Amino acid sequence: MTTKGPSELKELGNSHFKSEEYKLALQMYKDALSRAEKKLEKLALHKNMAACHLKMKDFKSALSESTNALNLDASDTKALYRRVQALENLGQLNAAYVDARRLVQMEPKNKIFSQVCGNLRDMMEVKMFAERSTENRVNQMFKILFDSSLEDADKKRKAAENLVFLSRDEAGAERIFREGGPAALSDLVDSKSMDVKLAAMRTVLGICSGHQARSLVILREIGVEKFCDGMGRLDGTSDLSTASMQVLQAIIDALQGEDKREHRGQENAVRADFTKDLLGIMIALQKMLINIEVSADGRDNCISLIAKNIPRREMSRGTDVRTNKFVEIGGVTALLNVASYGHHLKISPFRMTENTRLNCSVALSKLYDDLGGDKARESWNETVMKYVSGLFGEGNMTANMRALSVVTCLLQGPFDCGYKVLGIKGVMETMVAMSGADEEPAQIAAIEAVISSSSKKNRALFVIENGVTLLKELYKSAGASDAVKVRALVGLCKLGSSHGTDVSMKSFADGSTEKLARQCKKFLTNSSKNFDVRKWAAEGLSYLTLDADVKELLCDDSAALESLFDLSLTKDKTVTYGVVTCLVNITNTYDKGEEVSPEMIELAKYAKHHIPEEHEKDKRKFVVARVKKLVNAGMLPALVSLANTDVAILTDTLKEMICRVFLAGVENEEHRGKAVAAGTGKVLLPFTKEGTVNGKRFAAHAIAKLLITQNPVMAFPGQRSLECVKAMKVLLHPECSALQNFEALMALTNLAAMDDTHRRRMIHAKLIYDIESHMFEEHEMIRRAATEVVCNMCINSEYQDLVCQDGNDRLKMLLLLLAEEDEKTRFAAASALAILTSNNADICKKIRTRTESWIEKISMTCVCDNTMLALRGVVCVRNIVANCKLSAEAIVGSDILEILMAYSKVGKDEKLKTVATEALKILADDNFIQPTS
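The structure displayed is predicted, hence computed values, not measured ones.

Each value, and the rule that gives it
- Sequence positions are assigned chain by chain, starting from 1 and proceeding in written order.
- For a predicted model such as this one, the threshold for reporting local features is a pLDDT of at least 70, and the threshold for listing and counting side-chain atom pairs is 80 or more; totals across whole chains, interfaces and linings nevertheless cover every residue.
- Side-chain numbers come from the whole structure's heavy atoms, not from hydrogens or water.
- Secondary structure elements follow DSSP: runs of H or I of four or more residues count as helices, runs of E of two or more count as strands, with numbering from the N terminus.
- With a 1.4 Å probe rolled over the protein chains alone, any residue whose accessible area is under 20% of its type maximum counts as buried; one over 50% counts as exposed, and the rest are partly exposed.
- In this description, contact between two residues means that some pair of their heavy atoms is separated by no more than 4.5 Å.
- Areas reported here follow the Shrake-Rupley algorithm with a probe of radius 1.4 Å; residue values treat only the protein chains shown as occluding.
- What a helix should span is 1.5 Å times the count of its residues minus one.
- In this analysis the probe radius is 1.4 Å and the grid spacing 1 Å, with only protein atoms considered; a cavity is a set of points the probe fits into but cannot get out of, a pocket is an open set with protein on both sides within 12 Å along at least five of seven lines, and lining residues have an atom within 4 Å of a point.
- Grid points are joined across faces, edges and corners, and a volume is the space filled by probe spheres set on the points.
- Any residue outside Ala, Val, Leu, Ile, Met, Phe, Trp, Tyr, Cys, Pro, Asp, Glu, Lys and Arg is labelled polar, Gly included; the first ten of those are nonpolar and the last four are charged.
- Here is the rule: rings of Phe, Tyr and Trp (six-membered ring for Trp) pair when centre to centre is within 6.5 Å. Planes less than 30 degrees apart are stacked, more than 60 are edge-to-face, and the remainder are tilted.
- Throughout this description, the term charge over a ring refers to an Arg CZ or Lys NZ atom that lies within 6 Å of the ring centre and within 35 degrees of the ring normal.
- Salt bridges are counted wherever a side-chain nitrogen of Lys or Arg sits within 4 Å of a carboxyl oxygen of Asp or Glu.
- You can read pLDDT as the predictor saying how much it trusts each residue, on a scale of 0 to 100.
- Note on definitions: angles span 0 to 180 degrees between N-to-C directions of axes, and those axes are lines fitted to C-alpha atoms, for helices only across the stretch in contact.
- Angles are sorted into four bins: roughly parallel if under 35 degrees, roughly antiparallel if over 145, roughly perpendicular if 65 to 115, and oblique for all others.
- Throughout, a crossing is termed right-handed when the near helix is turned clockwise from the far one, and left-handed when it is turned anticlockwise from it by less than a right angle.

Helix and strand counts for the chain stand at 53 helices and zero strands. Classification of the 933 residues of the chain by burial places 53% in the buried group. Long-range pairs, those at least 24 residues apart, make up 69% of the contacts in the chain with a sequence separation of at least 6. Carbon and sulfur atoms make up 50% of the accessible area of the chain, which amounts to about 44,100 Å² in all.

Have a look at this one:
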């Protein structure tokens with residue numbers, strides 16, 4: 001057998017090219033090039049390869065091959081024209097225009113070259129006008145802002161706001177950076193006008209977001225100190241503090257590699273090390289934390305940044321030295337120092353909000369979890385024990401209160417560390433003793449520590465034995481303040497609910513929990529009581545609502561529910577845990593663990609093990625009724641308010657709890673309209689990207705339910721409906737339940753039906769592979785849902801290209817699904833094939849090669865009793881015979897021909913008759929059959 005020469009291979013390539021088989025053509029040209037010796041042969045092959053790449057939309061390769069051709073002959077107009085096409089599609093308009101002008105000079109009478117050159121010139125003018133327009137606007141804004149003779153403050157404010165608007169667009173951000181640069185913005189951040197200062201900070205945020213290089217220049221030019229100053233200045237506003245925090249967060253994100261821009265071809269490039277810059281930010285935050293001149297909001301924002309950015313974000317990244325470094329520079333001691341001054345202590349040198357101590361708990365918990373190894377934990381525990389022992393060792397009431405405040409903080413955060421501190425000799429006794437002190441602040445500090453310490457049974461037993469009587473006396477004491485009474489009440493609530501949901505084990509006598517609940521409701525619904533008292537009443541109910549009788553009692557009291565939800569709408573987010581825990585308990589959305597089989601229960605009884613008993617009122621019908629009452633009382637807007645915040649208190653665990661309740665709230669289709677009106681979609685989307693695995697799934701599941709029955713445009717306006725696509729990927733994981741898979745697929749069906757933008761997003765997010773993997777799931781409804789999504793995807797040209805690719809079984813899957821027992825699945829598969837064959841001739845040609853039984857499957861569809869399903873089968877036949885002669889020949893020799901003839905004479909449906917007649921006409925025109933008279 002002789003080896004083919006370059007000329008023969010080239011001719012084979014040309015044949016494949018004419019048949020639109022570009023991959024095969026490209027391979028022939030490559031083989032020919034490897035054997036070509038003459039310059040003209042190589043030139044022609046490079047040009048042909050460039051043509052193949054253009055057809056396949058691989059413009060980078062087309063650029064490379066056309067350049068190779070020009071290196072052989074710089075005057076070849078065909079190679080130059082193909083390079084112009086490649087450059088234009090790559091967006092390199094300047095280079096494309098230069099080449100196009102050369103083409104016109106080489107062939108002035110060529111109309112195609114003249115038209116291409118003119119089009120490129122017009123496109124460049126539009127682009128240059130836009131750039132000049134942005135440049136002029138930026139320069140004009142800076143001119144107004146730096147004009148010392150201009151005294152119009154309103155005009156300067158508007159100019160600053162215009163910069164903010166421009167910075168939100170990538171072109172505008174880049175132009176501001178280049179024209180005014182960091183130096184100008186640094187001056188504006190120092191402006192005496194608070195409006196200009198805020199606008200400048202927001203402009204910096206726009207410039208830094210998602211851009212590593214600009215962020216680094218901004219950080220080094222303006223300096224972290226100015227951002228910390230903006231975040232914590234006493235004469236500032238909460239908006240300025242938030243904007244400053246967001247700038248630092250954006251810079252940290254960028255320096256850690258979270259750059260939104262694409263960097264193709266740089267995957268293996270050496271990444272810059274910004275360790276020193278990140279360390280500088282960490283040190284600045286540590287100093288800010290204990291600066292007494294920092295505002296309360298600024299300190300909270302500082303703690304939030306520490307909690308978010310110093311611990312590693314993913315456990316898979318390995319040990320992160322930042323946490324250990326933060327401990328070394330005194331960061332933990334600084335957090336303990338702030339936490340030791342509870343917000344109720346007037347002696348605090350620090351300005352603090354109601355959220356500050358809880359923020360410290362969250363930060364300490366995240367840092368503690370991030371410590372690498374036992375040695376680091378031992379060092380941490382020694383630091384904490386030394387700090388707390390030192391306070392107790394001072395021997396005065398103020399120091400003891402501070403020590404107990406730290407104990408409370410630790411028990412709300414790094415629990416293991418907190419329980420070690422409880423083991424210090426005399427701590428528990430001091431707590432109980434101080435609960436009976438005469439000073440209200442001391443009582444409050446002690447009771448809060450008692451409440452926190454009773455989470456573990458061994459500690460709760462000590463408190464029950466020694467503190468219950470004292471707590472009762474404090475609650476009943478005529479001289480005790482509301483602040484002391486309500487905390488004593490919460491302590492009793494927590495101790496009384498230590499049995500959890502097991503009705504067979506109760507710490508207190510029957511009826512006691514209902515009595516405690518009524519007392520909590522009195523505090524909660526009394527509008528004359530201050531916010532702190534009402535917040536603690538909600539905390540008490542969060543423990544008591546483990547009891548089903550209390551759940552029913554609370555849901556039947558509309559005034560109590562209204563008061564509970566009113567707490568959620570305030571700025572004080574320390575209410576979040578109490579309110580959300582109440583809702584989790586009432587809706588029974590807490591983690592119930594794995595369901596125990598009846599056999600295991602019988603075995604446990606035989607072995608005389610204790611078996612928890614479920615309350616009668618915790619059965620589904622009661623839960624459904626309670627959820628309805630909560631939604632009608634305003635639960636969904638309250639949840640949105642609690643979720644729509646960016647503070648350290650909103651931990652991953654708390655996010656999961658919120659998502660559990662959201663999911664329960666939208667379970668009933670009747671409630672979903674209210675959920676959309678409350679803005680549920682906006683707050684749920686971020687929860688699908690961050691938090692616990694279960695939390696992400698619950699959030700995505702709630703979104704899926706909204707997408708199934710609500711208009712996606714209304715439920716997720718703007719670009720949010722596009723974000724929903726990726727959110728559904730969370731629910732297609734193999735570990736998710738069948739219901740989660742099914743409802744995610746239903747949601748994707750609706751998204752794919754919206755427009756081509758959503759369909760493209762599904763392909764680019766590589767979601768299509770997850771969808772297709774569910775087309776042969778054992779569960780019939782999952783198979784149907786996946787097939788319906790694919791049917792809607794078939795309209796998209798990119799998906800059609802995927803179907804056409806060699807080495808995939810997409811057509812085979814659809815053909816096999818035509819034999820499914822479920823009629824709706826068959827209908828979706830037939831619809832998909834009808835769409836594909838109507839829009840793509842290549843698919844018509846490939847169907848016969850995908851499975852030997854393709855005629856049988858299509859024939860079964862054509863004779864289906866369902867007219868609409870039969871119509872789709874006949875449409876497939878018409879499309880196939882119109883585009884593939886080999887398939888047409890096979891169809892003529894099958895039963896399908898008789899089916900077509902029958903439909904053309906006595907059709908079930910007029911459309912069916914018309915399509916069958918069209919198919920027969922095509923066969924007759926191609927001489928496969930003789931036309932009937």
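Quick look at helix 44 (residues 780-793) now. Taking 1.5 Å as the rise per residue, helix 44 with 14 residues should run 20 Å; its terminal C-alpha atoms sit 20 Å apart, in good agreement. Those residues of helix 44 that fall on the buried side of the exposure criterion are Ile 782, Arg 783, Arg 784, Ala 785, Ala 786, Thr 787, Val 789, Val 790, Cys 791, Asn 792 and Met 793. Those residues of helix 44 that are buried are in contact with helix 41 (738-752), helix 42 (756-764), helix 43 (767-773), helix 45 (797-804), helix 46 (810-817) and helix 47 (823-839).

Another aspect to go through is empty space enclosed by the protein. Empty space among the atoms becomes apparent when a probe as large as a water molecule is rolled across them. Applying the stated criterion across every chain yields a total of two cavities of 30 Å³ or more. Size it by volume and the largest cavity reaches roughly 80 Å³. Those elements that provide at least two residues to the lining of the largest cavity are helix 15 (275-289) and helix 16 (296-309). For the lining of the largest cavity, the element with the highest residue contribution is helix 15, accounting for four residues. Class assignment of the residues belonging to the lining of the largest cavity gives a composition of seven nonpolar, one polar and one charged.

Before going further, it helps to examine the packing of aromatic side chains. Enumeration according to the criterion identifies four aromatic pairs in this entry. Plain terms: the ring middles of Phe 17 and Tyr 22 are 5.3 Å apart, the flat faces sit at 65° to each other, and that makes the pair edge-to-face. Relative to Phe 113, the ring of Tyr 81 has its centre 5.6 Å away and its plane inclined at 40°; by these criteria the two rings are tilted. One end of the pair, Tyr 81, is in helix 5 (residues 77-89); the other, Phe 113, is in helix 7 (residues 111-145), and 32 residues separate them in sequence. Judged by relative accessible area, which is 23%, Tyr 81 ranks as partly exposed. In this structure, Arg 377 is placed above the aromatic ring of Tyr 368, and the distance from its NZ or CZ to the ring centre is 4.6 Å.

The next subject is the pattern of salt bridges. As enumerated under the stated definition, the model contains 41 salt bridges in all. The residue Glu 170 makes a salt bridge to Arg 214 at a minimum N-O spacing of 3.2 Å. Residue Glu 170 is found in helix 9 (residues 170-179), and its partner Arg 214 is found in helix 12 (residues 212-222); the two are separated by 44 residues along the sequence. Given a relative accessible area of 1%, Arg 214 falls into the buried group. Note that Arg 214 and Glu 174 form a salt bridge whose closest N and O atoms lie 2.5 Å from each other. Placement of Arg 214 in helix 12 and of Glu 174 in helix 9 is noted, with a sequence separation of 40 residues between them. Each of Arg 357, Glu 448, Arg 487, Asp 532 and Lys 535 takes part in one network of salt bridges that share partners.

Mapped onto the secondary structure, Val 640 falls in helix 34 (residues 635-643). The sequence separation of Val 640 and Phe 662 amounts to 22 residues, and the corresponding C-alpha distance is 9.1 Å.

Approximately 1,200 Å³ is the volume attributed to the second largest pocket. In terms of lining, the second largest pocket is formed by 24 residues, of which the most central are Tyr 22, Met 56, Asp 801, Cys 804 and Gln 805. Of all the secondary structure elements, the ones that give two or more residues to the lining of the second largest pocket are helix 2 (22-35), helix 42, helix 45 and helix 48 (841-850). Ranked by the residues each element gives to the lining of the second largest pocket, the list is headed by helix 45, at five residues. In the lining of the second largest pocket, the residues fall into seven nonpolar, five polar and twelve charged.

This part is about the confidence of the model for the chain. Low-pLDDT stretches of the model should not have their predicted coordinates read in fine detail. When pLDDT is averaged along the chain, the result is 84, and 89% of the positions lie at 70 or above. Below pLDDT 50 for its whole length, residues 259-270 participates in eight contacts with residues either more than four positions away or in separate chains. Low confidence marks residues 314-319, where pLDDT is under 50. Its contacts with residues over four positions away, or in another chain, come to three contacts.

Right, let's talk about the packing of helix 21 (residues 397-412) against helix 24 (residues 440-453) for a bit. Where helix 21 contacts helix 24, the two axes come as close as 9 Å, and the packing angle between them is 25°. Between helix 21 and helix 24, the angle is such that the two are roughly parallel. The two elements helix 21 and helix 24 meet at a crossing, and its hand is left-handed. Contact with helix 21, carried on its side by Met 397, Met 401, Leu 404, Thr 408, Leu 411 and Gln 412, involves Pro 441, Ala 442, Ala 445, Ala 446, Glu 448, Ala 449, Ser 452 and Ser 453 of helix 24 and no other residues of that element. A breakdown of the residues in the contact of helix 21 with helix 24 according to their chemical character gives nine nonpolar, four polar and one charged.

This next bit is on helix 16. If you check helix 16, its first and last C-alpha atoms are 20 Å apart, about what 14 residues at 1.5 Å a residue would give, namely 20 Å. Burial runs high along helix 16: twelve of the 14 residues are buried. Those residues of helix 16 that sit buried are Ala 296, Gly 298, Arg 299, Asp 300, Asn 301, Cys 302, Ile 303, Ser 304, Leu 305, Ile 306, Ala 307 and Asn 309. Those residues of helix 16 that are buried lie in contact with helix 13 (224-232), helix 14 (238-255), helix 15, helix 17 (321-328), helix 18 (331-339) and helix 19 (356-369).

Next up on the list: unusual backbone geometry. At Lys 57, a residue that is not glycine, the phi angle is positive and equals roughly 65°. Position of Lys 57 among the secondary structure elements: in the loop between helix 3 (39-55) and helix 4 (59-72). Taking relative accessible area as the criterion, Lys 57 reaches 63% and is therefore assigned exposed. With a phi close to 55°, Lys 766 is a non-glycine residue in the positive phi region. A relative accessible area of 55% means that Lys 766 is categorised as exposed.

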